[in-house]
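Given next are the chains, with one letter for each unit.
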Amino acid sequence: MTTAAKGRFMTEAAGGVPVAGALETVLAMCAAGRSGTVVIEGAAGCGKSRLLDAVAAQAGAAGALVLRAAATEEGLLTPLGVLRQAVGSAPAFALARIGAEHRALREEAVREFCAQLCALAVEGPVVLCVDDVQYADPQSLRYLDHIARYARPAAVLLVVTLCAQTRERLSVAVAELTRRPQVRRIALGLLSPREVAEVVGGRSARSVDELCRLSGGNPLLLRALVEEEQAGGSVVFAGDGPFAGAVAACLARSGPAAVASARAVAVLGAGTSEAVLARMLGTGMPGPGLAALRACGLLNGLRF
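Residues numbered from 1 in each chain as written. Predicted model: local features only at pLDDT ≥ 70, side-chain atom pairs only at ≥ 80, totals over all residues. Heavy atoms only, no water.

1. Structural notes on the layout of surface pockets
Next, step 1: Space inside the largest pocket adds up to approximately 540 Å³.
Next, step 2: Contributing to the lining of the largest pocket are 18 residues, with Arg-213, Leu-214, Gly-297, Leu-298 and Phe-304 lying nearest its centre.
Next, step 3: Within the residue set of the lining of the largest pocket, elements represented by two or more residues are α10 (208–215) and α12 (242–254).
Next, step 4: For the lining of the largest pocket, the element with the most residues is α12, which contributes 4 residues.
Next, step 5: Tallied by class, residues from the lining of the largest pocket come to 13 nonpolar, 3 polar and 2 charged.
Next, step 6: Looking at the second largest pocket, its volume works out to about 350 Å³.
Next, step 7: Lining the second largest pocket are 22 residues, with Ala-44, Lys-48, Ser-49, Asp-132 and Arg-253 sitting closest to its centre.
Next, step 8: Mapped by element, the contributors of at least two residues to the lining of the second largest pocket are α3 (48–61), α11 (219–230) and α12.
Next, step 9: At 3 residues, α3 tops the list of elements feeding residues into the lining of the second largest pocket.
Next, step 10: Grouping the constituent residues of the lining of the second largest pocket by class yields 7 nonpolar, 7 polar and 8 charged. (1 Å grid on protein atoms, 1.4 Å probe; cavity = no way out; pocket = protein on both sides within 12 Å on 5 of 7 lines; lining within 4 Å. Points joined across faces, edges and corners; volume = space filled by probe spheres on them. Helix = DSSP H or I, 4+ residues; strand = E, 2+ residues; numbered from the N terminus. Nonpolar A, V, L, I, M, F, W, Y, C, P; charged D, E, K, R; others polar.)

Take a look at the structure:
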């Protein structure tokens, strides 16, 4: 990974291993002829998709066959939607067409697809990147799970991003795919004051403390904050400006429970309590909505 790319991903993975170093280790493992599964997890706006892009770019530059797919909440009801995206991103004739036998989810079709990936890996590593795997359709998840289990020892690397906060409860299939002991996990969190200073690199007239307070340490919000300042923005941000757009994006990506919680906090104000908030939401407890807002830096306690 380039020096510039490393500078954008200063957050450390679980266990204190630098993210860039962890990814380079996994890619080197795949290039050496071994398979693996990597889960990049974190709250909305913390850089999962950007890091996945960096993985795909680095793998492609090294000669790997990179297959890309992005799952969406709307696509949950589209059978094999994620798998079709991945196949569609491959060079012509690299993989067989996804036909009726795949739609029927016959076991032999699942095994054959995995065998095709392993055969391609003889010529060089295959890296399958799936963004927002929590929204992958059940049929595609069946294939991904089989690849994660049985692609060994071929050089097939499965890299997925996971934002668990977007759904109150992960499906069993997603949990099984992403929670196995042998899965390498890279946790992206909010930036520390030191990381905020390094990311901004002197491009803002604001103090590091103010940047941390306004962005919550969220990389997406921090970039939007600097962008709006450089465009001449004042302390009062434009309703249609980059910062407001980034806040809206973080809310939308955090899921319906987070949106409902944010609306309740806006109505009740920072002086309320979690018990009052829960009664307003009708949940009996604050639940995952508040946790999602705090994880992405939009709330500190009950204050935006």
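There's plenty left to go through after this.
2. Brief notes about a nonpolar patch on the surface
Next, step 1: Judged by side-chain polarity, Val-267, Leu-268, Val-276 and Met-280 come together as a nonpolar surface patch covering roughly 320 Å² of accessible area.
Next, step 2: Counting only elements with at least two residues in the nonpolar patch, the list comes to α13 (256–268) and α14 (274–281).
Next, step 3: In this fold, Val-276 is placed in helix α14.
Next, step 4: Taking the relative accessible area as the measure of exposure, Val-276 reaches 31% and is therefore partly exposed. (Patch = residues over 30% accessible without salt bridge, like charges linked within 9 Å, V, L, I, M, F, W, Y side chains within 5 Å. Areas by Shrake-Rupley, 256 points an atom, 1.4 Å probe, with all protein chains shown as cover. Salt bridge = Lys/Arg side-chain N within 4 Å of Asp/Glu carboxyl O. Buried < 20%, exposed > 50% of the residue type's maximum accessible area, 1.4 Å probe, protein only.)

3. Quick notes on the pairing of strand β1 (residues 36–42)
Next, step 1: Of all the 7 residues making up β1, 7 are buried; the element is thus mostly covered by neighbouring parts of the structure.
Next, step 2: Neither face of β1 is open: one carries Gly-36, Val-38, Ile-40 and Gly-42, the other Thr-37, Val-39 and Glu-41, and all of them are buried.
Next, step 3: Relative to strand β4 (residues 156–162), β1 is paired through 6 bridges, and the arrangement is parallel. Its bridge partner lying in β4, Val-38 is registered against Val-159. (Pairing = 2+ DSSP bridges.)

4. Let's talk about the sheet that holds β1
Next, step 1: On the basis of which strands lie adjacent, the open sheet formed by 5 strands has the order β2-β3-β4-β1-β5 and parallel pairing. The open sheet terminates on both sides in strands that have one partner only, identified here as β2 (65–70) and β5 (184–188). Ignoring which end each strand starts from, the neighbouring axes of this sheet average 15° apart.
Next, step 2: Direction of pairing for β1 relative to β5: parallel, over a ladder of 5 bridges. Across the sheet, residue Val-38 finds its bridge partner in β5, namely Arg-184. (Axes fitted to C-alpha atoms, helices over the stretch in contact; angles between N-to-C directions.)

5. Some thoughts on the environment of Ala-197
Next, step 1: Position of Ala-197 among the secondary structure elements: in helix α9 (residues 193–200).
Next, step 2: Accessibility expressed as a relative area gives 35% for Ala-197, which makes it partly exposed.
Next, step 3: Through-space distance from the C-alpha of Ala-197 to that of Leu-211 is 8.7 Å; in sequence the pair is 14 residues apart.

6. Some remarks on the packing of helix α6 (residues 107–120) against helix α7 (residues 138–150)
Next, step 1: Put simply, α6 and α7 touch, their axes get as near as 10 Å, and they point 55° apart. Taken together, the axes of α6 and α7 lie oblique to each other. Handedness of the crossing formed by α6 with α7: right-handed. On the side of α6, the interface is formed by Glu-107, Ala-109, Val-110, Arg-111, Phe-113, Cys-114 and Leu-117, while α7 contributes Arg-142, Tyr-143, His-146, Ile-147 and Tyr-150.
Next, step 2: Residues belonging to the contact of α6 with α7 are distributed by class as follows: 8 nonpolar, 1 polar and 3 charged. (Parallel < 35°, antiparallel > 145°, perpendicular 65-115°, else oblique. Left-handed = near helix turned anticlockwise from the far one by under 90°. Contact = heavy atoms within 4.5 Å.)

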